[in-house]
Amino acid sequence: MNLPIQIENLTKTYKLPRGRKKTAVDSLSIEVPEGVIFGFLGPNGAGKTTTIKIILDFLKPTSGNVRVFGRLTTDPLTRRLVGYLPEQPYFHKFLKPIELLSMHAALAGLSSREARRAAEAALDMTGIADYAETPIAKLSKGLTQRVGIAQALVGNPKLLILDEPTSGLDPIGRRHTRNLLIRLRDEGRTVFLSSHLLGEVENLCDVVAVLRAGKLVAYGTPDDVRSSNTQFKIQTVRVDNHILNRLRFLEVNIECGADSTVMRVDPQNAYELLRAMEKLGLPLIKIETERESLEEAFLRLAA
Amino acid sequence: MTKVDILRKLGIIQFVKRMTAFLTCVYLCCAAGAVQGHDDPRELGHHWRIDEYRSEMWFQILLIALVVSLYIICVFAVRTWKRWIVHRR
Amino acid sequence: MSLLENSRKQVFHVLCLLMLAVIAGSTLISIFTEGVQLKIIKDLCMTCVLFTGAVLSIALGATGVPNDVENRTLYPIIARPVARWQYVAGKFLGTFLTVTLGVSALSAVFGGLIYHYQGSFDWFLPAATIFALLEAAVVAAVATTLSTFASPVIAASVSFMVYLCGTIKIGFFGGMLDLATNSTVKLVGGIVYHFLPNLECFNLKAALVHGDSVPTAYLAQVAIYGLCYTVFVIWLGAVIFKHREV
């Protein structure tokens, strides 16, 4: 089966002045399954945008292979199945959204009548049908971003490559975009998104890949990427240091707040800690299990 | 501030002066060209009467054809060589 | 798209209006007798048409691709199933259509003037305009190709040099080359000479002014030459842009 994106041993080296070289992507191998939302994560300069540019044939790989639906990216027809939203999209300001979208639909191979219809549908989907006839120069940043998303949607793409799709959107716009991406995934399309908003990615993505300095450091479902360690979070009243020191016989992480103390401990030590608290007469306010968030995992992996 | 001062400040007088000089130059050049009465087709700009123009045009068309052919041959050779290397591996 | 973008540029409006002013100003010359005055008007107006075509081609052609790269409007377009050569060809066609718009407007005013002074329409004017447009196409192709890899300033400067050298190629440049004695200068100069476009041959001003007829075979040869040169230069631009990383 032809996967939407198949990257094999991809390396991209930039030549710098005075014969120096910089490796932006280093031996990267990823497979993006069909019908999923794929999160492509990494700190600034990790090589995300370079990889996206190679997938779209804006840049040539130094070595390795990239295939989109089984075809080499050098073939322009490969991009017939792809919709792309660049980071901070810029469009010709004098165009109206309906004109811009019709043009992109025509470039995607639709006839002029179909292009107009596809443009209207995309504007409806992104919730900006009311601004169809307003020149892009007069739209706010968030609305321009939505025009960008609509632009990526025209031409019925099977693969959407979105670079920071929720950047510049207000909470309503973000919620709308998130629901739209889920709807697109449910329709069987593949969404490849690069984002820094990890809270959103965590709830949205089926598969994530984390890059650091051009290398793949984690790949799998968000659950796979997060540490499997679960901790107990135990909350009690604010206590003095000499009492706290009596609890430090266990590997316990203690945070003192203004009116309470929070302790984090591994499950095997939780019972011991609770017994020690009972002996010291410390009341138990709250106890809950806690798992590493994707953001914490990202910080751990990207550090 | 007088009207002339405003125009000078906006640079309009300078602009008009420069444009007048430019237009005068254009007129004089064209007038001189048009009233030339030489019999030499080169001087009159009658290039269709000069063989050198025709031959140079044909030469350049052949040169273009040669460059394009060389490029196609080179691309074909490089592709074949690459395929041969992959096949050998 | 490029047509819409280019026709909004200031240089297009300013140059067209300026040249219209020059054409209108030419009627003010009344110091010559009637026949000579008409010749001067034709000469001046045809110069304006040729000059506008070339300058617009350079100004619009040299900025098209770099502006798209700089403003990042290029990315959503080439992310579509559009080959790089199609993009370069589209940019060239956009520039050429804008130039055609401006030059046609000037030529129409010019035709009106001739009709006013001559009492009849000069049927050679459309032919002279078409060849002026062919010259503009060659210059626009050079500017577009240079803009695929150079900055707008360098692309415009080199295109203008090519335009200047091309308009004096055989008449002046060829003569200078014959006078050269150093063999290296002769060789390098010869290569440059043979690759320079021969823009003089598109200039039919003299025929229009003097009412001479130009052999049809010659016009056909010039048309073929112009098309071949334009296609060749755009092809070069497409090959360069295909390998360029954006």
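Residues numbered from 1 in each chain as written. Chains lettered and ligands numbered in written order. Predicted model: local features only at pLDDT ≥ 70, side-chain atom pairs only at ≥ 80, totals over all residues. Heavy atoms only, no water.

## Some details on the interface of chain C and chain B
At step 1: With 42 residues of chain C at the interface, the matching set in chain B holds 30 residues.
At step 2: Across the chain C to chain B interface the summed buried area is about 3300 Å²; carbon plus sulfur atoms make up 72%.
At step 3: Contact with chain B buries surface across chain C, with Ile170, Tyr218 and Gln221 of chain C losing the most and accounting together for 19% of the total.
At step 4: In this structure, the salt-bridge partner of arginine 49 of chain B is aspartate 212 of chain C, at a minimum N-O distance of 3.7 Å.
At step 5: Our count for the chain C to chain B interface comes out at 11 residue pairs in polar contact (both at pLDDT 80 or more).
At step 6: If you list the elements that add at least two residues to the side of chain C that touches chain B, you get α2 (10–26), α3 (34–71), α8 (169–179), α9 (183–195), α10 (205–210) and α11 (216–242) of chain C.
At step 7: Counting residues per element, the side of chain C that touches chain B draws most heavily on α11 of chain C, which supplies 10 residues.
At step 8: Here the side of chain C that touches chain B is built from residues that sort into 26 nonpolar, 11 polar and 5 charged. (Contact = heavy atoms within 4.5 Å. Buried area = accessible area lost by both parts, 1.4 Å probe. Salt bridge = Lys/Arg side-chain N within 4 Å of Asp/Glu carboxyl O. Polar contact = N/O pair within 3.5 Å; in protein donor to acceptor, adjacent residues only side chain to side chain. Helix = DSSP H or I, 4+ residues; strand = E, 2+ residues; numbered from the N terminus. Nonpolar A, V, L, I, M, F, W, Y, C, P; charged D, E, K, R; others polar.)

## Digging into the interface of chain C and chain A
At step 1: Contacts between the two partners involve 22 residues from chain C and, on the opposite side, 28 residues from chain A.
At step 2: Where chain C abuts chain A, roughly 2300 Å² becomes buried across the two surfaces, and 61% of that area is made up of carbon and sulfur atoms.
At step 3: Connecting chain C to chain A are 1 salt bridge.
At step 4: For glutamate 245 of chain C, the salt bridge is made with lysine 12 of chain A, and the minimal N-O distance between the two is 2.7 Å.
At step 5: Counting only elements with at least two residues in the side of chain C that touches chain A, the list comes to α1 (2–6), α3 and α4 (74–78) of chain C.
At step 6: Looking at the side of chain C that touches chain A element by element, the count peaks at 4 residues for α4 of chain C.
At step 7: Residues that form the side of chain C that touches chain A fall into these classes: 11 nonpolar, 2 polar and 9 charged.

## Concerning the packing of aromatic side chains
At step 1: If you walk through the whole model with that rule in mind, you get 13 aromatic pairs over all chains.
At step 2: Measuring from centroid to centroid gives 5.3 Å for phenylalanine 38 of chain A and phenylalanine 192 of chain A, while their planes differ by 5 degrees, and the two rings are stacked. Of this pair, phenylalanine 38 of chain A sits in strand β3 (residues 37–41) while phenylalanine 192 of chain A sits in strand β8 (residues 190–194), and the two are 154 residues apart along the sequence. As far as burial versus exposure is concerned, phenylalanine 38 of chain A and phenylalanine 192 of chain A are alike and both buried.
At step 3: Arranged with centres 6.1 Å apart and planes meeting at 10 degrees, the rings of phenylalanine 92 of chain C and phenylalanine 96 of chain C form a pair that is stacked. Of this pair, phenylalanine 92 of chain C and phenylalanine 96 of chain C are both found in helix α5 (residues 84–118), 4 residues apart, which corresponds to roughly one turn of the helix.
At step 4: Take phenylalanine 92 of chain C: its relative accessible area is 9%, and that puts it in the buried class.
At step 5: Since its relative accessible area comes to 21%, phenylalanine 96 of chain C is described here as partly exposed.
At step 6: An aromatic cluster is present here, built from Phe38, Phe40, Phe192 and Tyr219 of chain A joined pairwise through their rings.
At step 7: The ring of phenylalanine 241 of chain C has arginine 84 of chain C sitting right over it, with the charged end atom 5.3 Å from the ring centre. (Phe/Tyr/Trp six-rings, centres within 6.5 Å; stacked < 30°, edge-to-face > 60°. Buried < 20%, exposed > 50% of the residue type's maximum accessible area, 1.4 Å probe, protein only. Lys NZ or Arg CZ within 6 Å of the ring centre and 35° of its normal.)

## Remarks on the domain arrangement of chain A
As a measure of interface size, the accessible area lost when the parts come together is often cited.
All names here are of chain A.
At step 1: Annotation of chain A at the domain level lists domain 1 (5–223) and domain 2 (230–302).
At step 2: The C-alpha centroid of domain 2 is placed 42 Å from the C-alpha centroid of domain 1.
At step 3: Tallying the contact residues gives 12 residues for domain 1 and 7 residues for domain 2.
At step 4: Interface area for domain 1 against domain 2, summed over the two sides, is near 900 Å², with a carbon-plus-sulfur share of 71%.
At step 5: Counting across the interface, domain 1 meets domain 2 through 0 salt bridges.
At step 6: Remark: the boundary between domain 1 and domain 2 carries 0 residue pairs in polar contact (both at pLDDT 80 or more).
At step 7: Looking at the side of domain 1 that touches domain 2, the elements that each hand over two or more residues are α6 (198–204), β9 (207–212), β10 (215–220) and α7 (222–225).
At step 8: When residues of the side of domain 1 that touches domain 2 are assigned to their parent elements, the largest contribution, 3 residues, is made by α6. (Domains from an automatic or database assignment.)

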